[in-house]
Each structure stands twice: as C-alpha cells, then as structure tokens.
Amino acid sequence: MYLSSQPNFSLEVMHPSFKKVQMLESDNFITELNQPLNMATDPPFHQAYKSLIEDTSNNIFGKKLVLVEECELPLIDLSRILHNDNVVDESEREECKEEIARASQQWGFFQVTNHGISKDLLEKMREEQVKVFKQPFDKKSKEDKFMNFPAGSYRWGTPTATCLNQLSWSEAFHIPMADISASAAAFTTLSSTLEQFATTVAGLARKLTAILAEKLGRESTFFQENCLPSTCYLRMNRYPPCPVPSAIHGLMPHTDSDFLTILHQDEVGGLQLVKDGKWIAVKPNPEALIVNIGDLFQAWSNDVYKSVEHRVVTNPSTERFSIAYFFCPSYDTVIQNSEPSNYRKFSFREFRLQVQEDVQKYGHKVGLPRFLISH
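The sections below set out a description of the structure shown in this document. Numbering of residues starts from 1 in each chain and follows the order in which that chain's sequence is written. Only residues with pLDDT of 70 or above have their local features reported here, since the model is predicted, and side-chain atom pairs are shown and tallied only from 80 upward, although totals for entire chains, interfaces and linings are computed over all residues. With hydrogens and water set aside, each side-chain value is computed from the structure's full complement of heavy atoms.

A count of helical and extended segments in the chain gives 13 helices and 16 strands. Among the 375 residues that make up the chain, the fraction classed as buried is 53%. Accessible surface, the chain: about 17,000 Å² in total, of which carbon and sulfur atoms supply 50%. Per the convention used, a helix needs a DSSP run of H or I reaching at least four residues, while a strand needs a run of E reaching at least two, with both numbered from the N terminus. Between buried and exposed lies partly exposed: a residue is buried under 20% and exposed over 50% of the maximum accessible area for its type, with that area taken using a 1.4 Å probe on protein chains only. Surface accessibility follows the Shrake-Rupley procedure with a 1.4 Å probe radius. Residue values consider only the protein chains on display as shielding.

Right, let's get into the pairing of strand 12 (residues 289-293). Counting buried positions over the five residues of strand 12 gives five, a clear majority of the element. Burial along strand 12 is two-sided: the residues Leu289, Val291 and Ile293 and Ile290 and Asn292 are all buried. Sheet topology places strand 4 (residues 109-113) next to strand 12; four bridges connect them, and they run antiparallel. Residue pairing in the sheet places phenylalanine 110 in a bridge with valine 291 of strand 12. Relative to strand 12, strand 9 (residues 260-265) runs antiparallel, the two being bridged by four bridges. Opposite threonine 261, over in strand 12, you have asparagine 292 as the bridge partner. When DSSP finds two or more bridges between two strands, those strands count as paired.

Through backbone hydrogen bonds, the strands of a sheet pair up, either in parallel or in antiparallel fashion. Strand order across the open sheet formed by eight strands is 3-4-12-9-14-7-6-5, with mixed pairing between neighbours. A strand with exactly one partner marks an edge of an open sheet, and here the two such strands are strand 3 (75-77) and strand 5 (154-156). Sheet twist, expressed as the average angle between the axes of neighbouring strands with direction ignored, equals 25 degrees. In terms of strand pairing, strand 7 (residues 233-239) meets strand 14 (residues 320-327) through seven bridges, oriented antiparallel. Interaxial angle, 0 to 180 degrees, is taken between N-to-C directions of lines fitted to C-alpha atoms, where a helix line uses only the stretch in contact.

Next up on the list: the packing of helix 6 (residues 90-106) against helix 10 (residues 188-216). Working note: a packed helix pair is described by the angle between its axes plus the distance between those axes. At a minimum axis separation of 9 Å, helix 6 and helix 10 run at an interaxial angle of 85 degrees. It follows from the interaxial angle that helix 6 and helix 10 lie roughly perpendicular. Taking contact as the criterion, the partners of Glu94, Lys97, Glu98, Ile100, Ala101 and Ser104 in helix 6 are, on helix 10, Leu208, Ile211, Leu212, Glu214 and Lys215. The classification used treats Ala, Val, Leu, Ile, Met, Phe, Trp, Tyr, Cys and Pro as nonpolar, Asp, Glu, Lys and Arg as charged, and all other residues, Gly among them, as polar. Of the residues belonging to the contact of helix 6 with helix 10, the class tally is five nonpolar, one polar and five charged. Put simply, angles under 35 degrees are roughly parallel, angles over 145 are roughly antiparallel, angles from 65 to 115 are roughly perpendicular, and the rest are oblique. Pairs of residues are marked as contacts when any of their non-hydrogen atoms sit within 4.5 Å.

Turning next to the side chain of arginine 80. If you trace the backbone, arginine 80 turns up in helix 5 (residues 79-82). Looking at arginine 80, its side chain comes within polar contact range of the side chain of glutamate 99, at 3.0 Å. We define a polar contact as two N or O atoms separated by no more than 3.5 Å, with the added condition that, inside protein, one atom must be a possible hydrogen donor and the other a possible acceptor, whereas residues neighbouring each other in sequence contribute only through side-chain atom pairs.

As structure tokens, then:
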C-alpha cells in the first residue's frame with residue numbers, strides 16, 4: 001500500500017519531538033459553564049444548549065486527567081519545488097516530492113514552509129478576520145446577507161448535538177470561493193485580502209495534489225479538470241474561550257470530506273489529530289501552513305494517503321483563530337481508482353448526501369466506511 005523507493009527523510013519527518021500536555025478537568029462543571037461570555041459578539045451557547053449543560057448524565061468529565069502529547073508535524077520546505085528549475089537541483093526537487101507523499105501516507109498531515117504566501121498577507125488576513133468576528137452577534141446571525149457573504153455562511157455551535165461531546169464551541173464563516181470576490185462590500189479590505197489569500201492558497205493546493213497524484217502514477221490533470229475555483233471553499237474560524245475546555249470541543253472529532261485542506265492557525269494552539277491510535281496535539285508554527293488529506297483523496301488513492309481524524313480543543317481564557325481552504329471537486333465528480341479497489345465508485349454529491357444523512361441520524365459523520373467494498 002505504501003509507495004516504493006522512498007529516500008531517507010529529514011529528521012523533522014522521521015523523528016518528531018514529543019512532550020506531555022496535561023488537561024485537568026473541572027470539578028465545578030455547571031457553575032463554570034454558566035459564567036457569562038462576551039454577549040455582544042459571542043454566540044449564545046449557554047442559552048441554546050442549556051438542556052445539554054444541565055443534563056447531569058452529560059457530566060461524565062469531572063475529575064479525569066487527560067494526557068495529550070504535543071508534537072511537531074512533518075515539516076517540509078517547499079522552496080525546492082516552487083523555485084525555477086535552474087535554482088533547485090532535480091534531486092532536491094524529487095526528495096521534496098517524496099517527503100510530501102511519505103507524510104501523506106504515514107501522518108495524513110504535514111506542515112509546509114516557504115509556501116509562497118507572504119507573512120504580510122497572513123498577518124493581514126488574521127487582522128481582517130478578527131474584525132469580522134468582533135461584529136455583534138445579532139448582525140452576524142441575521143438570515144439575510146451579512147457584509148455580502150452568501151446567506152447561510154455564518155455558522156456556530158452544532159444544531160444536531162444531542163450530548164456535550166457532540167457540541168462544537170466555535171463560530172465560522174464558510175464561504176464558497178465563487179462568492180469571495182463579491183463578499184464584504186462594506187469591508188473592501190477584507191474582500192481584497194480574502195481574494196488574494198484564496199487565490200494564492202488555491203495555487204498551492206493544485207501544486208500539492210499534482211505531486212501526490214504523480215507519486216501514485218495517476219493523471220494529475222484530474223484535479224485541474226474537477227477542482228475549480230467555483231467548487232472550493234474558505235472557512236474562517238473563531239473559537240471563543242470555553243469555561244470547561246476539556247469537557248467541550250472547539251470542533252468535534254471528524255475527517256475532512258474534500259481532497260486536501262490547507263490551514264493557517266494562530267499561535268494559541270488547539271488542533272489535535274490521531275496518530276498510532278492516540279490523540280496528539282499539534283504544536284503551532286507561525287512560519288508554516290498545515291496541510292491534511294481529505295476523505296476523497298484517501299478513496300481516490302485506494303487508501304495510500306490517509307484522511308486522519310482530528311479535532312480542536314478549547315481554551316479557558318484565550319480565543320483562537322484559523323482559516324482553512326478546502327480543495328473540493330464539483331458534486332458530479334466521480335471518485336474511482338483501478339481494480340482491485342477498496343471502494344465502490346461514487347460521486348462527491350452522493351458522498352455529501354450520505355454524510356448529511358448520517359449526521360442527522362447519528363449526530364456524527366460516518367464517512368468512507370459507507371463506501372467500502374467487501375472483498
């Protein structure tokens with residue numbers, strides 16, 4: 001299942017450093033949850049999920065000590081593939097490609113530096129993002145368009161949650177790429193910053209997916225033909241302080257349903273993923289972007305590349321911001337690979353509808369197991 005002829009990897013890839021992070025649960029669960037949020041800007045989590053918070057059967061977290069190891073994700077310097085041919089030796093270029101493929105197989109996550117997105121643009125994006133989320137909640141949550149974002153772009157909490165561990169203590173703007181250039185007419189700096197960020201990150205996603213397809217021996221034009229600006233998304237995230245951070249997720253455990261996700265996070269931290277059957281915390285790196293494989297790529301690669309479960313934990317005192325780019329195909333795109341395949345052929349539309357049905361029925365996503373073939 002793994003690719004052959006892999007060269008040695010850098011120490012960052014092969015030997016990530018770990019350290020223990022302790023999360024001590026609160027004894028006074030309901031009291032702390034009832035502490036006031038910033039009511040002007042924060043979503044009304046307490047009111048909306050009052051029944052879940054006060055349900056004593058939910059309060060199973062009190063007095064547990066959770067140990068989570070912190071690690072450095074595989075770190076890949078992209079200057080070896082983004083520079084002109086006459087600058088980088090071909091062996092270095094190939095080594096970089098192999099590192100990307102290896103990390104996608106073994107981790108499903110990696111981080112990249114020298115990615116072509118300037119520090120100034122990332123800082124400006126964060127600055128504009130903060131301004132958006134600091135708008136009053138009653139404005140953000142209006143049914144009509146807020147700052148010319150498409151209707152329904154603003155999301156918070158988890159409407160389908162039936163218990164606390166299904167609740168995500170976060171808010172987000174989920175924006176189709178096609179609508180970005182027309183968004184935020186009243187905030188022209190935001191609009192131009194979003195468009196510049198999205199265009200640059202989209203180019204990086206196309207480059208990375210072409211490399212991963214090449215390493216599978218697959219045709220890389222598949223992504224050029226099926227993953228268009230009109231089919232991809234940006235998601236701006238904010239995670240408000242949570243009174244009981246180890247009892248409620250910022251974003252509940254899940255895998256991504258796309259081909260590839262590229263994330264820029266701030267220095268606060270909170271992203272965790274499953275590695276070798278246990279949760280590990282991702283150490284923030286201000287110079288890097290985080291890349292992870294989605295469900296569609298795992299199926300398209302016939303399980304060579306891994307779509308890994310991940311989550312965001314909350315912080316009791318500090319808000320966290322991130323922005324994610326989702327590299328998605330059109331709904332009509334068919335996902336298949338050569339025989340013998342682990343998955344039956346399916347369209348992205350079929351996959352999305354199945355995910356929505358499972359979330360409504362079970363409160364969580366089932367995902368790829370729904371499409372496995374029994375051999």
